[in-house]
Protein chains: 2
Amino acid sequence: MSDVAPILVAGQWRESKSGDTFRAENPVTQEPLPGAYPVSSWEDCDAALTAAAEAADQLLDVSPKRLQKFLLRLADLMEENRAAIGQLAHQESGLPEKRLAGREMERTTDQIRQAADAAADRSWKQISIETKRDLRSLFAAIGPVAIFSPNNFPLSWNTISGSDFASAVAAGNPVIAIANSAAPGTTKVLAELARQAAQEADLPAGTVQLLYRLNHADGERLVADARIGATAFTGSTAAGLALKGAADAAGKPIYVALSSVNPIVFLPNAIREQGEELINRYGNVCLKGTGQFCTQPGLAIVIDGEESRGMIAAIKAKFDESTPGTLGSKKTLDNLVAKLETLKQAGAKVISDESKPKGEGYSHPNTLLQVSGADFLQSAAALQTEAFGNAALFVVCQDVAEAKAVIDALHGQLAGCIYSSTDGADAEAYAVLAPRLRRKVGRFMDDKMPNGMPVSIGMGHGGPFPASGHPGFTSVGIPNAMRRFAVLQSYDQARHDHLPEELRNKNPSGQLWRNIDGEWTTGDIAEG
Amino acid sequence: MSDVAPILVAGQWRESKSGDTFRAENPVTQEPLPGAYPVSSWEDCDAALTAAAEAADQLLDVSPKRLQKFLLRLADLMEENRAAIGQLAHQESGLPEKRLAGREMERTTDQIRQAADAAADRSWKQISIETKRDLRSLFAAIGPVAIFSPNNFPLSWNTISGSDFASAVAAGNPVIAIANSAAPGTTKVLAELARQAAQEADLPAGTVQLLYRLNHADGERLVADARIGATAFTGSTAAGLALKGAADAAGKPIYVALSSVNPIVFLPNAIREQGEELINRYGNVCLKGTGQFCTQPGLAIVIDGEESRGMIAAIKAKFDESTPGTLGSKKTLDNLVAKLETLKQAGAKVISDESKPKGEGYSHPNTLLQVSGADFLQSAAALQTEAFGNAALFVVCQDVAEAKAVIDALHGQLAGCIYSSTDGADAEAYAVLAPRLRRKVGRFMDDKMPNGMPVSIGMGHGGPFPASGHPGFTSVGIPNAMRRFAVLQSYDQARHDHLPEELRNKNPSGQLWRNIDGEWTTGDIAEG
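Each chain carries its own residue numbering, running from 1 in the written order of its sequence. In the order they appear in the text, chains get letters beginning with A and ligands get numbers beginning with 1. This being a predicted model, a pLDDT of at least 70 is required before a residue's local features are given, and a value of 80 or more before pairs of side-chain atoms are given or counted; all residues contribute to the totals for chains, interfaces and linings. Calculation of side-chain values draws on the structure's entire complement of heavy atoms; hydrogens and water are dropped beforehand.

## Topic: the packing of helix 2 (residues 64-80) of chain A against helix 6 (residues 184-200) of chain A
Residue and element names in this part refer to chain A. All axes are obtained by fitting lines to C-alpha atoms, using only the stretch in contact for helices, and the reported angles, taken between N-to-C directions, cover 0 to 180 degrees. Only DSSP runs of H or I covering at least 4 residues are called helices, and only runs of E covering at least 2 are called strands; the numbering of each starts at the N terminus. Running from amino to carboxyl end, helix 2 crosses helix 6 at an angle of 140 degrees, the nearest separation of the two axes being 8 Å. In this view, helix 2 runs oblique relative to helix 6, as classed from their interaxial angle. Helix 6 is crossed by helix 2, and the crossing has right-handed handedness. Across from Lys-69, Phe-70, Arg-73, Leu-74, Leu-77 and Met-78 in helix 2, the residues of helix 6 making contact are Leu-190, Leu-193, Ala-194, Gln-196, Ala-197, Ala-198 and Glu-200. In the scheme used here, Gly and all other residues not listed as nonpolar or charged are polar, with Ala, Val, Leu, Ile, Met, Phe, Trp, Tyr, Cys and Pro taken as nonpolar and Asp, Glu, Lys and Arg as charged. For the contact of helix 2 with helix 6, the residue count by class is nine nonpolar, one polar and three charged. Relative orientations are named as follows: roughly parallel for angles under 35 degrees, roughly antiparallel for angles over 145 degrees, roughly perpendicular for angles from 65 to 115 degrees, and oblique for any other angle. Crossing handedness is read from the near helix: turned anticlockwise from the far helix by less than a right angle, it gives a left-handed crossing, and turned clockwise, a right-handed one. A contact between two residues is defined here by any heavy atoms of the two lying within 4.5 Å.

Written out as structure tokens, the structure is:
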């Protein structure tokens with residue numbers, strides 16, 4: 001038997017039909033990690049699709065309680081294996097093992113448990129009933145969901161344990177997970193736990209399936225396949241656009257998260273008021289985890305003046321003093337170098353010390369850039385390129401009007417923030433800028449860094465393109481993230497005993513919120 | 001001054017910058033109608049986009065009450081001009097004037113009034129608040145909406161007065177309406193009324209704009225423009241796919257409704273039980289309005305036997321006896337001829353009498369086709385071609401298993417229906433077929449023809465591709481249809497006085513339903 005890892009298809013670990021393989025690498029030591037993983041051929045994809053389609057049918061008869069049981073058990077199993085998972089994820093990502101086994105694990109299992117409860121309470125179905133003409137609608141499972149994930153949060157965004165996975169399964173869909181190529185080992189361990197949990201909950205065999213990597217053509221074929229319900233993709237713009245093009249052409253929903261620089265505005269009186277604390281917080285959030293998170297506020301907008309000059313100088317010092325962290329892979333490093341080059345070519349100047357030694361493994365000097373508002377407006381598209389990693393760009397504007405123009409020139413972004421003083425001295429500038437920034441972002445913050453991202457009913461992790469592919473959805477937050485993997489199904493004068501339980505006159509749990517004739521209630525419908 | 005109609009841009013009727021024009025035609029007399037209309041150039045589009053973007057900004061400060069006032073006034077004005085509108089729409093569509101000025105008008109104004117009330121009550125915003133971590137989200141206006149509409153329902157789907165228009169405006173968006181080329185006169189009159197209503201409600205000048213026709217390249221450029229929020233398109237597959245491709249590539253939401261044959265299953269005992277009544281109802285629904293509605297049940301699935309043979313013979317007689325109606329345009333007729341040819345080439349046999357005289361104007365003999373289940377399965381894609389107009393295809397299956405296979409071979413459809421007997425004799429077949437049909441359609445019916453389509457919170461007019469471009473939305477039904485023209489906006493620890501009114505602790509109307517910590521309530525949030 002070779003050392004090539006098996007794929008998980010139709011509930012069984014089996015050999016890939018493909019002979020092609022890849023290996024992961026430790027980004028700190030730059031050494032290959034043990035074990036080879038298959039690059040699947042279409043034959044593997046086809047087998048997974050067939051099993052997923054069968055599972056989708058079978059899941060129609062699986063109770064919400066069993067989905068809940070599966071997800072709760074998965075969360076428990078992950079925590080039981082916390083140390084081993086943390087260690088493996090650390091080896092594959094270079095991120096601190098303690099954080100992975102600790103906060104990252106807890107965020108992930110909390111997310112899974114929230115999804116478990118949402119599966120059981122069924123509020124995501126958003127039931128709408130008009131009694132007079134007997135029209136009743138609900139959201140229902142969309143069918144097999146393909147998930148492509150990043151590795152900057154090796155657990156909470158993992159293709160097996162992350163938000164896409166939890167919300168797709170909680171909405172009653174089977175998942176075809178495609179591992180991040182940097183994290184095949186972590187993903188395999190999570191899939192083993194998911195398989196065990198699925199067996200204990202007696203879920204259909206094809207509910208959770210795992211492939212490690214696809215070539216581009218097979219990826220595009222997969223997301224456009226008739227058996228697919230929807231796709232979720234978080235990752236590079238080029239790969240995401242290719243998959244989006246294929247899925248769009250086939251009329252298959254695809255939710256992509258491509259890039260975001262998460263603009264953050266520091267108004268002068270906020271800088272004066274919050275001083276060093278603000279500088280520390282911004283410096284930390286830019287460099288934490290080597291800056292590798294999708295809400296890193298990499299584009300800072302300030303008004304030229306004593307306050308902003310002082311802030312930029314202090315941030316530069318912080319960038320120069322801090323030891324650069326390790327990036328998740330060679331690809332991440334290469335991408336950062338290329339994107340910084342794009343920014344420089346477009347007129348941004350590096351103001352941090354480029355001669356500082358790098359950190360361990362795949363690492364790059366902390367890089368702070370600066371550009372004037374006027375120059376930004378000359379090359380706005382290039383200057384909002386996301387340099388994913390430990391880098392940030394200050395845009396120094398002449399005045400509030402120029403800052404407004406800079407914001408108006410932004411593409412869609414995941415998050416945006418304005419720091420303004422509490423004494424009202426920034427109120428006028430805030431009133432000009434906030435409505436402009438609001439429409440560019442999915443999540444808007446006052447006086448807060450965007451890195452914390454609670455899993456909450458009020459969370460919005462999306463925004464206009466290219467932050468996401470459709471600004472009406474969120475990829476984080478239960479139950480709203482589940483709506484991505486749902487279809488709207490209406491029943492027009494169906495016989496009462498033909499209706500799904502949730503739409504019948506009697507409230508199935510006595511606790512399910514339903515909109516009946518425009519009023520939300522947990523009550524029954526009076527029999528006519 | 002020429003006889004070329006002016007376009008409505010930025011609140012003014014002005015001459016088009018283009019020299020190119022077209023004329024509409026009366027489909028009954030096949031004579032050109034008075035007046036020429038411009039085929040707009042990009043210059044017109046650009047002016048409309050600029051005005052729409054400005055209006056979108058201004059609409060942020062317009063109260064829901066003013067949007068309500070606008071829509072209510074438009075509905076009143078339409079009814080005041082009922083006779084003139086009915087006459088004009090009749091001339092341009094060939095549909096009965098009485099129906100247009102009567103039921104069609106009432107359906108349209110009811111839809112507009114429902115949208116008006118939804119604008120005011122704001123329930124479409126689907127407010128979600130988590131108090132503990134202070135995360136609050138709502139749906140908000142998406143920005144300028146481009147609307148391309150069909151002319152089979154000249155008022156209720158009109159680009160100015162239809163569901164897309166009413167739901168886009170009610171959600172606070174300006175509209176760039178592109179008239180159906182067969183109905184420029186009706187659309188112009190409706191735009192005059194909308195302009196008057198908008199002025200009376202003091203809406204921004206660019207809230208309602210009208211162009212009559214675009215060339216393909218400009219249409220594709222329009223839907224992909226940075227100033228556009230979203231697009232709604234109902235019409236031909238070729239035009240819709242071209243626009244969808246352009247919008248998708250730019251990351252702009254587009255909602256298309258392309259084609260649907262609306263499968264209807266007649267189980268043997270239902271035919272036996274309902275006999276002549278069922279035959280009359282199905283015959284009528286196929287030929288009413290010359291079969292020109294998007295939910296026409298043009299694909300009938302039956303099990304071979306005495307009952308189905310009797311039914312097909314009776315429907316054939318009905319098709320042969322009934323005088324064919326007029327189709328909406330030469331284009332509609334040409335399309336019907338071409339699509340019938342596709343069906344015939346794929347193996348469907350015409351069983352109605354093709355030698356019968358045609359009706360007035362653009363008309364085609366009522367055409368009933370038949371194919372076996374086995375033959376259908378050989379060419380399933382071609383045999384579910386929508387032959388829009390007075391035509392229908394019976395698929396005669398050997399048994400329930402073959403009928404199941406036929407349903408499984410269908411693409412996504414708007415509506416689907418099963419007639420089963422009330423005595424339980426069809427229950428077994430129903431149990432096999434219903435779950436299969438359910439997942440293919442947006443709206444599912446028992447024992448009901450799909451032509452009536454109430455505007456209701458429980459309505460679903462969508463479904464998997466190509467019935468619609470995204471199965472999570474509906475294009476009919478207030479308030480749910482409004483969600484297409486909305487973005488999800490989250491506020492993460494925003495200062496309380498920076499929040500929109502709907503998200504503040506105090507319920508703004510005392511009647512707005514909000515989901516607070518998982519419970520729906522019209523109450524306030526207790527001050528921490």
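## Details of the relation of the copies chain B and chain A
With an RMSD of 0.0 Å, the fit of chain B onto chain A corresponds to turning through 180 degrees and sliding 0.0 Å along the axis. Taken together, the rotation angle and the small translation identify this as a two-fold axis. Take the interface residues of chain B: 100% of them recur as interface residues in chain A, which is what a same-surface contact looks like. Copies overlap after least-squares fitting; the atoms used are the C-alpha atoms of residues with pLDDT of at least 70 in both.

## Side note on the sheet that holds strand 7 (residues 128-130) of chain A
Two strands are said to pair when DSSP picks up at least two bridges between them. With respect to topology, twelve strands assemble into an open sheet ordered 23(A)-22(A)-7(A)-8(A)-21(A)-20(B)-19(B)-14(B)-15(B)-18(B)-17(B)-16(B), the strand pairing being mixed. Taken across any chain shown, the strands that pair with only one partner, and hence form the sheet edges, are strand 23 (519-521) of chain A together with strand 16 (349-350) of chain B. Inspection of the sheet shows strand 8 (residues 135-141) of chain A paired to strand 21 (residues 486-492) of chain A by seven bridges, in the antiparallel sense. Bridging across to strand 21 of chain A, Leu-135 of chain A finds its partner in Asp-492 of chain A. Contacting strand 21 of chain A together with strand 14 (264-266), strand 19 (413-419) and strand 20 (441-446) of chain B, helix 15 (residues 427-438) of chain B runs over the sheet at an angle of about 150 degrees to strand 20 of chain B.

## A short note on the confidence of the model for chain A
Every residue gets a pLDDT, meaning the predictor's confidence in that residue, from 0 to 100. Per-chain confidence: chain A averages 96 in pLDDT, with 99% of residues scoring 70 or above. The complex prediction reports pTM at 0.97, with the ipTM value standing at 0.97.

## Some details on the pattern of salt bridges
A pairing counts as a salt bridge when a side-chain nitrogen of Lys or Arg comes within 4 Å of a carboxyl oxygen of Asp or Glu. In total, this model carries 54 salt bridges over all chains according to the counting rule given. Between Lys-344 of chain A and Glu-354 of chain A there is a salt bridge, with the nearest N and O atoms lying 3.5 Å from each other. Remark: Glu-354 of chain A occurs in the loop between strand 16 (349-350) and strand 17 (367-372) and Lys-344 of chain A occurs in helix 11 (residues 330-345); sequence separation between them is ten residues. Between buried and exposed lies partly exposed: a residue is buried under 20% and exposed over 50% of the maximum accessible area for its type, with that area taken using a 1.4 Å probe on protein chains only. Judged by relative accessible area, Lys-344 of chain A falls into the partly exposed class, the value being 32%. Asp-408 of chain A is paired through a salt bridge with Arg-436 of chain A; the nearest N and O atoms lie 2.9 Å apart. You can see Asp-408 of chain A sitting in helix 14 (residues 400-408) and its partner Arg-436 of chain A sitting in helix 15 (residues 427-438), a full 28 residues away along the chain. For Arg-436 of chain A, a relative accessible area of 15% puts it in the buried group. Connected through shared salt-bridge partners, Asp-57 of chain A together with Asp-408, Arg-436 and Arg-439 of chain B make up one network.

## A few points about the pairing of strand 21 (residues 486-492) of chain B
Across the seven residues of strand 21 of chain B, seven count as buried, placing the element largely inside the fold. As paired elements, strand 20 (residues 441-446) of chain A and strand 21 of chain B share three bridges and run parallel to each other. From the neighbouring strand, Phe-444 of chain A faces strand 21 of chain B, where its bridge partner is Tyr-491 of chain B.

## Thoughts on the interface of chain B and chain A
Taken together, the 67 residues of chain B in the interface contact 67 residues of chain A. Take the accessible area each of two parts loses on contact, using a 1.4 Å probe, and add the two losses: that sum is the buried area. Around 5,600 Å² of area is buried between chain B and chain A when both sides are counted, 50% of it from carbon and sulfur atoms. Remark: the boundary between chain B and chain A carries ten salt bridges. Note that Asp-447 of chain A is salt-bridged to Arg-495 of chain B, the shortest N-O span being 2.8 Å. Residues adjacent in sequence count toward polar contacts only when both atoms are side-chain atoms; beyond that, a polar contact is any pair of N or O atoms within 3.5 Å, and within protein one must be able to donate a hydrogen and the other to accept it. Taken together, chain B and chain A are joined by 42 residue pairs in polar contact (both at pLDDT 80 or more).

## Side note on the environment of Arg-309 of chain B
All names here are of chain B. Within the fold, Arg-309 resides in helix 10 (residues 306-321). Residues Arg-309 and Val-396, 87 residues apart in the sequence, show an inter-C-alpha distance of 9.0 Å. At a separation of 2.9 Å, a polar atom in the side chain of Arg-309 contacts the side chain of Asp-304.

## Topic: helix 3 (residues 82-93) of chain B
Residue and element names in this part refer to chain B. Here the expected span of a helix is defined as 1.5 Å times the quantity of residues minus one. An ideal rise of 1.5 Å per residue puts 16 Å on twelve residues; helix 3 measures up with 16 Å between its terminal C-alpha atoms. Turning to helix 3, its buried residues number three or more, namely Ile-85, Gly-86, Ala-89, Glu-92 and Ser-93. Projected onto a plane normal to the axis of helix 3, the buried residues spread over an arc of 135 degrees and lie on a single side. Here the buried face of helix 3 lies against strand 4 (25-26), helix 2 (64-80), helix 4 (97-121) and helix 6 (184-200). One or two steps after helix 3, the chain reaches Gly-94, where phi turns positive at roughly 75 degrees. In this description, the arc belongs to the directions extending from the helix axis to the C-beta atoms.

## Examining the pairing of strand 15 (residues 299-303) of chain B
Residue and element names in this part refer to chain B. Burial analysis of strand 15 places five of its five residues in the buried class, the great majority of the element. The side-chain alternation of strand 15 yields two buried faces, one formed by Leu-299, Ile-301 and Ile-303 and the other by Ala-300 and Val-302. As judged from the three bridges shared by strand 14 and strand 15, these two strands associate in the parallel manner. Directly across from Val-265, in strand 15, lies its bridge partner Ile-301. For crossovers, right-handed means that the path from the first strand over the helix to the second runs clockwise, given strands pointing away from the viewer. Note that the unit made of strand 14, helix 9 (residues 268-287) and strand 15 has a crossover that is right-handed. By the bridge criterion, five bridges tie strand 15 to strand 18 (residues 391-397) in an arrangement that is parallel. Of the residues in strand 18, the one forming a bridge with Ile-301 is Val-395.

## Considering the nonpolar core
Buried Ala, Val, Leu, Ile, Met, Phe, Trp, Tyr and Cys residues form a nonpolar core when they are joined through side-chain atoms within 4.5 Å. By size, the foremost hydrophobic cluster in this structure holds 230 residues, and its most contacted members are Phe-70, Phe-266 and Tyr-282 of chain A together with Phe-70, Phe-266 and Tyr-282 of chain B. Ignoring anything within four residues of it in the chain, the contact list for Phe-266 of chain B reads Ile-271, Leu-278, Tyr-282, Ala-300, Ile-301, Val-302, Ile-303, Met-311, Phe-394, Tyr-419 and Met-449 of chain B.

## Digging into the side chain of Thr-109 of chain A
Residue and element names in this part refer to chain A. With respect to the secondary-structure elements, Thr-109 resides in helix 4 (residues 97-121). Residue Thr-109 is classed as buried on the basis of its relative accessible area of 1%. Among the polar contacts made by the side chain of Thr-109, one reaches the main-chain carbonyl oxygen of Glu-106 at a distance of 3.3 Å. When neighbours within four sequence positions are excluded, Thr-109 is seen to be in contact with Ala-75, Met-78 and Glu-79.

## Considerations on the state of the cysteines
All names here are of chain A. Note on terminology: pairs of cysteine sulfur atoms within 2.5 Å are recorded as disulfides. On inspection of all chains with the given rule, the structure shows zero disulfides over all chains. No disulfide involves Cys-294; its sulfur sits 15 Å from that of Cys-286, the nearest cysteine. Since its relative accessible area comes to 16%, Cys-294 is described here as buried.

## Focus on the sheet that holds strand 20 of chain A
The strand order across the open sheet formed by twelve strands is 16(A)-17(A)-18(A)-15(A)-14(A)-19(A)-20(A)-21(B)-8(B)-7(B)-22(B)-23(B), and the pairing between neighbours is mixed. Looking at the sheet topology across the chains shown, the edges are occupied by strand 16 of chain A together with strand 23 (519-521) of chain B. Note that strand 17 of chain A and strand 18 (residues 391-397) of chain A share six bridges and pair parallel. Paired with Ser-372 of chain A across the bridge in strand 18 of chain A is Val-396 of chain A.

## Section: the domain arrangement of chain A
Many descriptions give the size of an interface as the accessible area lost when the pieces come together. Residue and element names in this part refer to chain A. Partitioning chain A into structural domains gives domain 1 (36-122 + 137-258 + 475-481) and domain 2 (264-446). On a C-alpha basis, the centres of domain 1 and domain 2 stand 32 Å from each other. Counting residues at the interface gives seven residues for domain 1 and eight residues for domain 2. One can count one residue pair in polar contact (both at pLDDT 80 or more) joining domain 1 with domain 2. Its residues assigned to classes, the side of domain 1 that touches domain 2 comprises three nonpolar, two polar and two charged. Per the annotation, domain bounds derive from an automatic or database assignment of domains.

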